[in-house]
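This is what each chain is made of:
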Amino acid sequence: MKKTNPNSSSKDNNFDRELYLYLTTRGRKSGRPREIEIWFTHRDRRFYLIAEYPTSNWVQNLRANPTAQVRVAGQTFSANARVVTAEAEPELHRTIAELSSKKYGWGEGTVVELTPAFTADAKCK
């Protein structure tokens, strides 16, 4: 599958219309790729996922190896992941919970931020 820049100026980058993002992590024990379909929100060139439980396998996989592959809106790209805690970043955590609640009617849990890996000269929309 062709990798694209999620921050290009293409009109196809309307992530807000998409309901699902496909996240591929590396199994923390097996090293094998693991793909899930998950709700997401998009804000300031980053993607946010919420896990119901902090012990979800995909969250544990990202803690062990924060590099992931993302597929959304017909685009595929690499991203770096990190957990956003309410204690360390209360405003961001609250904002993402609110965005998710508005989009899906649910926004509680462990917030994970995905920052797309792209070239420094990429134009971001």
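Residues numbered from 1 in each chain as written. Predicted model: local features only at pLDDT ≥ 70, side-chain atom pairs only at ≥ 80, totals over all residues. Heavy atoms only, no water.

*Asks:* Tell me about the pairing of strand β5 (residues 67-72), and name the residues and values.
*Replies:* Judged by which residues are buried, β5 turns out to be one-sided: A68, V70 and V72 face inward and are buried, whereas T67, Q69 and R71, on the alternate face, are not. With three bridges joining them, strand β1 (residues 21-26) and β5 adopt antiparallel strand pairing. Residue L23 lies in a different strand from β5, and its bridge partner there is V70. The turn joining β5 and strand β6 (residues 75-84), which pair antiparallel and follow one another in sequence, is formed by two residues; a positive phi near 50° is taken by A73. (Buried < 20%, exposed > 50% of the residue type's maximum accessible area, 1.4 Å probe, protein only. Helix = DSSP H or I, 4+ residues; strand = E, 2+ residues; numbered from the N terminus. Pairing = 2+ DSSP bridges.)

*Asks:* So what's going on with the sheet that holds strand β2 (residues 33-38)? Which residues, and what values?
*Replies:* Taking strand neighbours across the sheet as the criterion, the seven strands line up as β2-β1-β5-β6-β7-β4-β3 in an open arrangement whose pairing is antiparallel. One side of each edge strand has no neighbouring strand; the edge strands of this open sheet are β2 and β3 (41-43). Neighbour to neighbour, the strand axes of the sheet diverge by 35° on average, direction disregarded. As paired strands, β5 and β6 are joined by six bridges and run antiparallel to one another. Across the sheet, the residue bridging to T67 is N80, located in β6. Its contacts with the sheet put helix α2 (residues 90-104) on β3, β4 (46-51), β6 and β7 (110-116), and the angle it makes with β3 is roughly 130°. (Axes fitted to C-alpha atoms, helices over the stretch in contact; angles between N-to-C directions. Contact = heavy atoms within 4.5 Å.)

*Asks:* Summarise helix α1 (residues 57-64); cite the residues concerned and give the values.
*Replies:* For α1, the set of buried residues is W58, V59, N61 and L62. End-on view of α1: buried residues confined to an arc of 160°, all on one side of the axis. Away from its buried face by more than 90 degrees, α1 exposes N57, R63 and A64. Close packing links the buried residues of α1 with β1, β2, β4, β5, β6 and β7. (Arc of directions from axis to C-beta.)

*Asks:* Explain α2 to me, and be specific about the residues and the numbers.
*Replies:* Between its first and last C-alpha, α2 extends 21 Å over 15 residues, near the 21 Å set by a 1.5 Å rise per residue. Among all positions in α2, only L92, H93, I96, A97, S100 and Y104 are buried. Take α2 and look down its axis: the buried residues cluster within an arc of 135°, on one side only. Of the exposed residues in α2, those oriented more than 90 degrees away from the buried face are E91, E98 and K102. In this structure, the buried residues of α2 make contact with β3, β4, β6 and β7. Positioned one or two residues after α2, G105 has a phi angle of 80°, which is positive. (Expected span 1.5 Å × (residues − 1).)

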